[in-house]
Amino acid sequence: SDGSNKALAFIMASVVAGAVAALLLCPMESARIKMVTDNKYKNTSTMSALGMIIRDDGIGSIFSSVWAMLAKQVPYTFGKQVSFDVFASMLYLLYNDFQDKVGALNKFQIKWGVSVLAAFLASLIACIFSQPGDMILTETFRPSEKGAARNPGSQRFSNVIRKLYAEGGIPRFFTGTGARIVHVSAIITSQLVIYDIVKQMLGLPATGSH
């Protein structure tokens, strides 16, 4: 059906977007970690750090954390984009069903209200979905107890998962979720509201209204 095809298209688009973002972020994250954990890289620029990493460890080393980055970025993008559309559509349907009880609102009020509330709910989903991946990524880049590891992102993806699980089971992957929601939800909500405003300025319908 058209509905299922539309949902599949949203899911596939968000997964591809998250995967591309992960690939683009990997080199930058590798350079950033080196710059804050290794004195050799302390006073270098990002591009210089990337060049040094490639020279010292090979080009593959800047993508050593790709699985950890995918574990965070794909659920994050999926949770943010797909749930934003789903929540917005649900809120428009709810308003249409209860319009007589809540009173008539002008189109501007409806679009603003739906956009902000749907964006906030989507931010919660994105934070919760991506928290395990964030924990995996953090542990992947954690320096060794003796100081900065030569390749902070070179820990095996499966080993990191086993280590986290051994430390506290499934709940360990959601450590710090509350604090992350407070920080990240404000960013995501702002992003999605601005995204929806720009769409409408360009003549496109508000998210979920069609």
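Just above, that's the structure.
Residues numbered from 1 in each chain as written. Predicted model: local features only at pLDDT ≥ 70, side-chain atom pairs only at ≥ 80, totals over all residues. Heavy atoms only, no water.

Chemist: So what's going on with the overall build of the protein chain? Residues and values would help.
Modeler: Counting its secondary structure elements, the protein chain contains 7 helices and 0 strands. Sequence-ordered secondary structure for the protein chain, helices as α and strands as β, is α-α-α-α-α-α-α. For the protein chain, buried positions account for 37% of its 210 residues. For the protein chain, the share of sequence-separated contacts (at least 6 apart) that also reach a separation of at least 24 residues comes to 73%. (Helix = DSSP H or I, 4+ residues; strand = E, 2+ residues; numbered from the N terminus. Buried < 20%, exposed > 50% of the residue type's maximum accessible area, 1.4 Å probe, protein only. Contact = heavy atoms within 4.5 Å.)

Chemist: Give a description of the packing of aromatic side chains that names residues and reports values.
Modeler: Under the counting rule described, the total for this entry stands at 2 aromatic pairs. When the centroid spacing of 6.2 Å and the interplanar angle of 15 degrees are considered together, the rings of Phe78 and Phe129 count as stacked. You can see Phe78 sitting in helix 3 (residues 66–97) and its partner Phe129 sitting in helix 5 (residues 107–140), a full 51 residues away along the chain. A relative accessible area of 40% places Phe129 in the partly exposed class. (Phe/Tyr/Trp six-rings, centres within 6.5 Å; stacked < 30°, edge-to-face > 60°.)

Chemist: Break down the nonpolar core for me, citing the residues and quoting the values.
Modeler: Among the nonpolar cores identified, the biggest contains 19 residues, and Phe84, Val114, Ile188 and Leu192 are the most heavily contacted of them. Mapped by element, the contributors of at least two residues to this core are helix 3, helix 5 and helix 7 (177–201). In terms of residue count, the dominant contributor to this core is helix 5 (7 residues). Ignoring sequence-local partners within four residues, the contact set of Val114 consists of Ala88, Leu91, Tyr92 and Ala119. Counting residues in each nonpolar core, the second largest holds 13 residues, with Cys26, Val160, Leu164 and Phe173 among its members. (Core = buried A, V, L, I, M, F, W, Y, C linked by side-chain atoms within 4.5 Å.)

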